[in-house]
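Reading the structure
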Amino acid sequence: MEERVRAIGAALHVVPQPGHPPRVVATRASPTAVLATACGILFLIGVNTTAINTALNGIAADLAMGTGELAWSVGIYLLAVAAFVLLGGRLGDLFGERAMILAGLAIYGLGALLVAIAGTGLIIIAGRAVQGLGGAVLMPATMAVLRIAYPPERQGLALGVWGAVGGAAFALGPLIGGAFTDTIGWRWIWWATLIAAACLALTALTVMRAMPRPSERPRFDWPGIALLPVALFGLILAIQQGPSWGWGSVPTIAAFAVSIAALVALVVVERRREVAGRDPMLHLGLLRTRELLGANIGTFANAVTLIGVLFFFNLYVQSAFTLDESALVASVELLPYGGAMFIASLVIGPVCDRVGFRWPIAVGLALMGLGGILTAEIDVGDGYGSLWGPTAILGVGVGVTFSQPSAAGLRSVPAGKAGEASGIINVARYIGAGLAISIGSVTFVTVASDDLGDARAAAGLPGAERTTLDQTLTEASADVESIERSLDRRERAALRASAPTAVVDGFAAVMRGLGIFMIACAAVWIGLMRPQHATAPGAAAR
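Since we're looking at a predicted model, the values are computed, not measured. (Residues numbered from 1 in each chain as written. Predicted model: local features only at pLDDT ≥ 70, side-chain atom pairs only at ≥ 80, totals over all residues. Heavy atoms only, no water.)

Describing the overall build of the chain
Along its length, the chain carries 19 helices and zero strands. Evaluated residue by residue, the chain yields a buried proportion of 58% over its 542 residues. Of the accessible surface of the chain, which amounts to about 20,000 Å², a share of 68% is contributed by carbon and sulfur atoms. (Helix = DSSP H or I, 4+ residues; strand = E, 2+ residues; numbered from the N terminus. Buried < 20%, exposed > 50% of the residue type's maximum accessible area, 1.4 Å probe, protein only. Areas by Shrake-Rupley, 256 points an atom, 1.4 Å probe, with all protein chains shown as cover.)

A word on the packing of aromatic side chains
Each aromatic ring pair is characterised by the separation of its centres together with the angle its planes make. By the definition in use, this model includes eight aromatic pairs. For the pair tryptophan 72 and phenylalanine 233, a centre-to-centre distance of 6.1 Å together with 40° between the ring planes defines the contact as tilted. Note that tryptophan 72 is positioned in helix 3 (residues 67-95) and phenylalanine 233 in helix 8 (residues 222-245), a separation of 161 residues in sequence. The class of tryptophan 72 is buried, set by a relative accessible area of 10%. By relative accessible area, which is 37% here, phenylalanine 233 ends up partly exposed. Ring geometry for phenylalanine 311 against phenylalanine 312: centres 4.8 Å apart, planes inclined by 75°, an arrangement best described as edge-to-face. Residue phenylalanine 311 is classed as buried on the basis of its relative accessible area, which comes to 0%. Relative accessible area serves as the criterion here: at 1%, phenylalanine 312 is assigned to the buried category. The structure contains a cluster of three or more aromatic residues connected by ring pairs, namely Phe311, Phe312 and Phe444. One cation-aromatic arrangement involves arginine 128 over tyrosine 77; the distance from NZ or CZ to the ring centre is 4.3 Å. For arginine 429, the ring lying beneath its charged end belongs to phenylalanine 402, and the centroid distance is 5.8 Å. (Phe/Tyr/Trp six-rings, centres within 6.5 Å; stacked < 30°, edge-to-face > 60°. Lys NZ or Arg CZ within 6 Å of the ring centre and 35° of its normal.)

Structural notes on a nonpolar patch on the surface
Nonpolar side chains collect at one region of the surface, where Phe342, Ile343, Leu346 and Val347 lie side by side and expose about 380 Å² of accessible area between them. With respect to the helices, strands and loops of the structure, leucine 346 is situated in helix 12 (residues 335-355). (Patch = residues over 30% accessible without salt bridge, like charges linked within 9 Å, V, L, I, M, F, W, Y side chains within 5 Å. Salt bridge = Lys/Arg side-chain N within 4 Å of Asp/Glu carboxyl O.)

Re the side chain of serine 449
For serine 449, the location among the structural elements is in helix 16 (residues 418-458). With relative accessibility at 4%, the residue serine 449 sits in the buried group. A polar contact of 2.8 Å, which involves the side chain of serine 449, links it to the backbone oxygen of valine 445. (Polar contact = N/O pair within 3.5 Å; in protein donor to acceptor, adjacent residues only side chain to side chain.)

Thoughts on the side chain of glutamate 333
For glutamate 333, the position within the fold is in helix 11 (residues 327-333). Here glutamate 333 falls in the buried class, since its relative accessible area comes to 9%. Setting aside its immediate chain neighbours within four residues, glutamate 333 contacts Phe313, Val317, Glu325 and Tyr384. (Contact = heavy atoms within 4.5 Å.)

Quick word on the packing of helix 13 (residues 358-375) against helix 14 (residues 385-400)
Helix 14 packs onto helix 13 with a crossing angle of 155° between their chain directions and a minimal axis gap of 7 Å. Classified by the angle their axes make, helix 13 and helix 14 are roughly antiparallel. Once helix 13 is placed against helix 14, the crossing between them reads as left-handed. Contacts from Pro360, Ile361, Gly364, Leu367, Met368, Leu370, Gly371, Gly372, Leu374 and Thr375 of helix 13 reach helix 14 at Leu387, Pro390, Thr391, Ile393, Leu394, Val396, Gly397, Val398 and Val400. (Axes fitted to C-alpha atoms, helices over the stretch in contact; angles between N-to-C directions. Parallel < 35°, antiparallel > 145°, perpendicular 65-115°, else oblique. Left-handed = near helix turned anticlockwise from the far one by under 90°.)

Concerning the environment of alanine 103
You can see alanine 103 is positioned in helix 4 (residues 97-116). With a relative accessible area of 30%, alanine 103 lands in the partly exposed category. Sequence spacing of alanine 103 and valine 137 is 34 residues, and the spatial spacing of their C-alpha atoms is 7.9 Å.

Here we look at helix 14
With 16 residues, helix 14 extends 24 Å from end C-alpha to end C-alpha; this agrees with the ideal 22 Å at 1.5 Å per step. Taken as a whole, helix 14 has its buried residues at Leu387, Pro390, Thr391, Ala392, Leu394, Gly395, Gly397, Val398, Gly399 and Val400. Where the residues of helix 14 are buried, they touch helix 10 (290-318), helix 12, helix 13, helix 15 (404-411) and helix 19 (489-528). (Expected span 1.5 Å × (residues − 1).)

Concerning the confidence of the model for the chain
Looking at the chain, the pLDDT average stands at 81 and 81% of residues meet or exceed 70. Element-level mean pLDDT values for the chain span from 39 in helix 1 (residues 2-11) up to 96 in helix 13. Across residues 533-542, confidence stays below pLDDT 50; counting only partners more than four residues off in sequence or on other chains, it has 20 contacts. (pLDDT = per-residue confidence, 0-100.)

Some words on the environment of isoleucine 378
Note that isoleucine 378 resides in the loop between helix 13 and helix 14. Looking at isoleucine 378, the relative accessible area reads 7%, which means it is buried. In the structure, isoleucine 378 is positioned 127 residues away from aspartate 505 in sequence and 8.7 Å away in space, judged by C-alpha atoms.

Quick notes on unusual backbone geometry
Look at alanine 64: it is not a glycine, yet its phi comes out positive at around 55°. In this fold, alanine 64 is placed in the loop between helix 2 (31-63) and helix 3. Using a relative accessible area of 38% as the deciding quantity, one classes alanine 64 as partly exposed. At aspartate 324, a position not held by glycine, the phi torsion is positive, near 55°.

Considering the environment of leucine 286
With respect to the helices and strands, leucine 286 occurs in the loop between helix 9 (250-275) and helix 10. Residues leucine 286 and valine 413, spaced 127 residues apart in sequence, show a C-alpha to C-alpha distance of 8.0 Å.

Here it is, written out as C-alpha cells:
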C-alpha cells in the first residue's frame, strides 16, 4: 500500500532531483506545517492550471482573442513547465528548497499580475509563460521539502495527502474559474492567485526557516537545459502557426527544422554525458525499459485527454452559436467528468495492486477512446444532456490512467533512479498537455473556418481571412450581435446558418481524433506491458 501511495505522489506533476537519491537530513521544521504549506502551493498551481479553461470565453470577449491566441495562453504555460521542470529540480539541489519555493512563488505571482492587468492577448500569453517558469521551480520543491521534513517511514503518508490535494485542485479548478468569471470577472482568478502566492510566501518564510541548505553541489547540464526548451518550443510553434503561415512556408519549415535539430542534438549530448559519467539532465538509457516507456505513453495519453477535454468542452458549451452557457454553468456541467475522474482515481489503485497494471490501464485508455468517439457524435441542436454520459466515460478513463501508468513505470526502475524516472514521465505529461492544445486548436480552427468559408462561398460572398473567421467563433453573445449589425442581410444569414455547424464540426473533429489516438495508445500499452517471466523487480509491472 505504501509503495502505491508513494508512486501516486511521484506521478502528480512533480520531478524530484533527477539523478540524485533523496536527501534525508535532520530538520527542526514542523512536518505537519511543511506538509500544509506544500499542499497549499500545489493547490494554488493545480487550480491555476485548469481554472483558465472556464474563463477562456470571457478573456476572448474582453481582449478580442481567437482560438489560436487562447490556445497559446493555455499551451505556453504547459510548455514552460515541461521545458524547465528538470532545471527546477536541479536548482533546488543547488540553493535549497526553501529558497526555491520563495523564488518560485515570486515568479508565479509576477506572472499572475501580468495576466490580471493584461490589455492584450500577447500580455496574457507572456504572463502565462512566466507562471509556467514559476510552476517549474515550485513543483519539484513541494515534493522535496516533504522528503526532508518527514522520515522515510512516514513519507508515503505525506505523499498520499499531497497527491490527493493535487487531484482535488484539478477537479475544482474549472468550478472556481467559472465562479470568478461570472461574478467579479475573470481577472480576479489571477488577482486571487497573486494574493494567495504572497500569503504562501509569508508562511513559507516562517514554516521552512529551519530547512537545511544542501551540502551537495550538482553539476549543471547546460547544453541539455538549453536544447530541451528549443526543441519543444520549435515543435509547438510550427504546429500552432502552420495554418496561418502555411505548412509549406519558410517559417513553418524552419520551426520544424530547428525543433528536430535541437532534439537530435539533445539525444547526442545526453548520451555522451551519460557515457562519460558527467551527470546528464536525462539518462535516455532508462527509456530502454519497456515499462518506463509504457509509463510515458500512458501518462502522455492521459494528459492529452485531461487537458484537451477541459479546453475544448468549454469552447463548445460557451460558444454563442451552440449552448451559449455562462462560465459558471459550464464548470458545473464538467462535474460528471471531474467527479468520475476523482472516483476512478481513488478506486483503481487497489485493483492494480491485485491484478497488475496491464489490463486496468488498457481499459482506462480504451474508455478515453470510447468517450472521445461518443462525444464526437454531438449534433447541432443537441443540448448538454447528450454530453454528460460521454464526458463521464472520459472522466473514468482519465481517473484510471491519472497516476497508475507512472506507478507501473517507477516500479520497474532501481530505487536510485526513481526520481529521474519520475522527471522523464512528467516531461511527457506536460508535452502531452501542450500538444493537446496546439494540435487540437489547429484541428478546431481548420474545420470550423472551412465550414464558415464554404457557407460564404455558397452564398456568393467573398472569402474572409481565417483569423477573422476564428475570432468570430469565440465571441460572446453581445459581441456576435454587434458583428451581425455590421453585416448585410446575406452575410448575416450565412453566419447564422453556418456558425453553429462550424463550432460543432470543429469540436467533433477534435474529440474524434482524440478517441482514435487513445485506442491506438491502448494497443501500444498492451504490447509494451506484456507479462514478464523473470522474477526481477521489474516483473511486478505485469
